[in-house]
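So the chains spell out like this:
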Amino acid sequence: MTVLVTGSRGRVASTLLGLLADAGVKARAASKNPADLSPPAGVDTVRCDLADPATFDAALDGVDAVFLYAEATHAGAFADRARAAGVEHVTLLSSSSVLAPDAEVNAIAASHLAAERALSATADTGAFEATHLRPGAFAANALQWAWALRAGRPPALPYPHAYGDPIHERDVAEAAFAVLTEPRLRGSSYVLTGPESLDFTEQLAILAEVTGRPAPYTVPTPEEWKESVTDFMPETYADALLSYWASHDGRPTPLTGTVEELTGHPPRTFATWAADHAAAFHP
């Protein structure tokens, strides 16, 4: 079996490449800029820009399975080219946000939902099997606070008591490895969560304990926060985040046992993630 891993510069994909290599599964690392990749020894690289369908055929040549990032723009074209290439299975890294009531209009959820639908439309013809991985909040989202904490500046949290289900990127990669290598797991949708529902203040407290550095925060109004991110975040995405945080304010996130079902072990805690990435929070 040959597995094409798209978005190979990403944390999940790069970890998945290592898991596949360690298991002796042939993998092909794909990226818009393959020259920037440093895959495990013996893993070939290929250009695959999910925003450029002209790159799809060469990347898919000889591929049996795909780990696909949810780039919705040309997801239908990718599915069509995967079918033409004889791909048997595509695992999509989606998001649990597709299950939200506003998924159709939420800028973040809508792109994942569109990618899922495009993939499923082709899979439903019998062309290949499609598996959707739907993680919730990545623990790595806490890296957005790293610069401020290193500089001794408190991060701005418009909803400090908004809950999430932070999941370690390695757990997502191990879940992807499981569904890619175990045929019996194919063809389903899996909601992946971490082992704890934590609000932002609890996550910062864990970071402070693990790193030995203070982790204070400020509480701007939603409008003040939105104004502060206008230079680097589209308004639709800022609105989507504020909507998500507001809907989870003071409301613990439901957890699943799916990571353990797929990988055979409980998901890693946020404290484990913080210890693994402690250097990012030190000057």
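All figures in this text were calculated on a predicted structure; none of them were measured in a lab. (Residues numbered from 1 in each chain as written. Predicted model: local features only at pLDDT ≥ 70, side-chain atom pairs only at ≥ 80, totals over all residues. Heavy atoms only, no water.)

Visitor: In this structure, what is going on with the nonpolar core? I would like to understand it.
Guide: One recurring pattern in soluble globular proteins is that nonpolar side chains are buried together. Residues Val5, Leu16, Phe67, Leu192 and Leu262 are the most contacted members of the largest nonpolar core, which totals 30 residues. Of all the elements in the fold, those that place two or more residues in this core are β1 (2-5), α1 (11-22), β2 (26-31), β4 (65-69), α6 (169-181), β8 (189-192) and α10 (258-263). Of the residues forming this core, the biggest block, seven residues, is contributed by α6. Leave out the neighbours within four places in its chain, and leucine 16 touches Val5, Phe67, Ala173, Ala176, Phe177 and Leu180. (Core = buried A, V, L, I, M, F, W, Y, C linked by side-chain atoms within 4.5 Å. Buried < 20%, exposed > 50% of the residue type's maximum accessible area, 1.4 Å probe, protein only. Helix = DSSP H or I, 4+ residues; strand = E, 2+ residues; numbered from the N terminus. Contact = heavy atoms within 4.5 Å.)

Visitor: Just to check I follow, could you spell out the sheet that holds β4 for this structure?
Guide: Adjacent strands of a sheet form backbone hydrogen bonds with each other and so pair up, either parallel or antiparallel. Here we have seven strands laid out as an open sheet, ordered β3-β2-β1-β4-β5-β6-β8, and parallel in their pairing. The open sheet has two edge strands, β3 (44-47) and β8, and neither has a second partner. Each adjacent strand pair in this sheet contributes to an overall mean axis angle of 20°, direction not counted. In this fold α1 packs onto β1, β2, β4 and β5 (89-93), with an angle of close to 160° to the strand it touches most, β4. (Pairing = 2+ DSSP bridges. Axes fitted to C-alpha atoms, helices over the stretch in contact; angles between N-to-C directions.)

Visitor: Please clarify how the side chain of threonine 2 should be interpreted in this entry.
Guide: Relative to the elements of secondary structure, threonine 2 occurs in strand β1. Relative accessible area serves as the criterion here: at 8%, threonine 2 is assigned to the buried category. Non-local contacts of threonine 2, meaning those with residues more than four positions away in its chain, are made with Lys26, Arg28, Gly62, Val63, Asp64 and Ala65.

Visitor: I keep staring at the packing of α1 against α6 and nothing clicks. Help me out?
Guide: Packed helices, taken two at a time, are described by their axes: the angle between them and the distance between them. Running from N to C, α1 and α6 cross one another at 50°; their axes reach a closest spacing of 8 Å. When the axes of α1 and α6 are compared, the pair comes out oblique. As for how α1 packs across α6, the hand of that crossing is right-handed. Residues Arg11, Val12, Thr15, Leu16, Leu19 and Leu20 of α1 touch α6, and the partners they reach there are Glu169, Arg170, Val172, Ala173, Glu174, Ala176, Phe177, Leu180 and Thr181. (Parallel < 35°, antiparallel > 145°, perpendicular 65-115°, else oblique. Left-handed = near helix turned anticlockwise from the far one by under 90°.)

Visitor: Explain the pairing of β4 to me, please; I cannot follow it from the model alone.
Guide: In regular strands, side chains alternate between the two faces of the sheet. Within β4, four of the five residues are buried, which leaves the element mostly enclosed by the surrounding structure. Bridge count between β1 and β4: three bridges; the pairing is parallel. Residue pairing in the sheet places valine 3 in a bridge with alanine 65 of β4. The pairing of β4 with β5 spans five bridges and is parallel. Considered in β5, the bridge of alanine 65 is made with histidine 89. Traced from β4 through helix α3 (residues 75-85) to β5, the parallel crossover comes out right-handed. (Right-handed = clockwise from strand over helix to strand, strands pointing away.)

Visitor: Which parts of the structure should I look at to understand the pattern of salt bridges?
Guide: On inspection of all chains with the given rule, the structure shows 14 salt bridges. The salt bridge involving arginine 268 is made with glutamate 174; its shortest N-O contact spans 3.2 Å. Taken together, the residues span a long stretch of sequence, with arginine 268 in the loop between α10 and α11 (270-276) and glutamate 174 in helix α6 at a distance of 94 residues. Classification of arginine 268 as partly exposed rests on a relative accessible area of 22%. Shared partners join several salt bridges into a network, and the residues in it are Arg170, Asp171, Glu174 and Arg268. (Salt bridge = Lys/Arg side-chain N within 4 Å of Asp/Glu carboxyl O.)

Visitor: Which parts of the structure should I look at to understand the packing of α3 against helix α4 (residues 107-123)?
Guide: One can describe the packing of α3 onto α4 by two numbers: an axis separation of 8 Å at closest approach and a directional angle of 30°. Comparing the axis directions of α3 and α4 gives the class roughly parallel. Regarding α3 and α4, the two cross each other, and that crossing is right-handed. Taken together, the residues of α4 that come into contact with α3 (itself represented by Ala75, Gly76, Ala79, Asp80 and Arg83) are Ala115, Ala118, Leu119 and Thr122. Of the residues in the contact of α3 with α4, the class split is five nonpolar, two polar and two charged. (Nonpolar A, V, L, I, M, F, W, Y, C, P; charged D, E, K, R; others polar.)

By themselves, these are just geometric observations and shouldn't be taken as functional.
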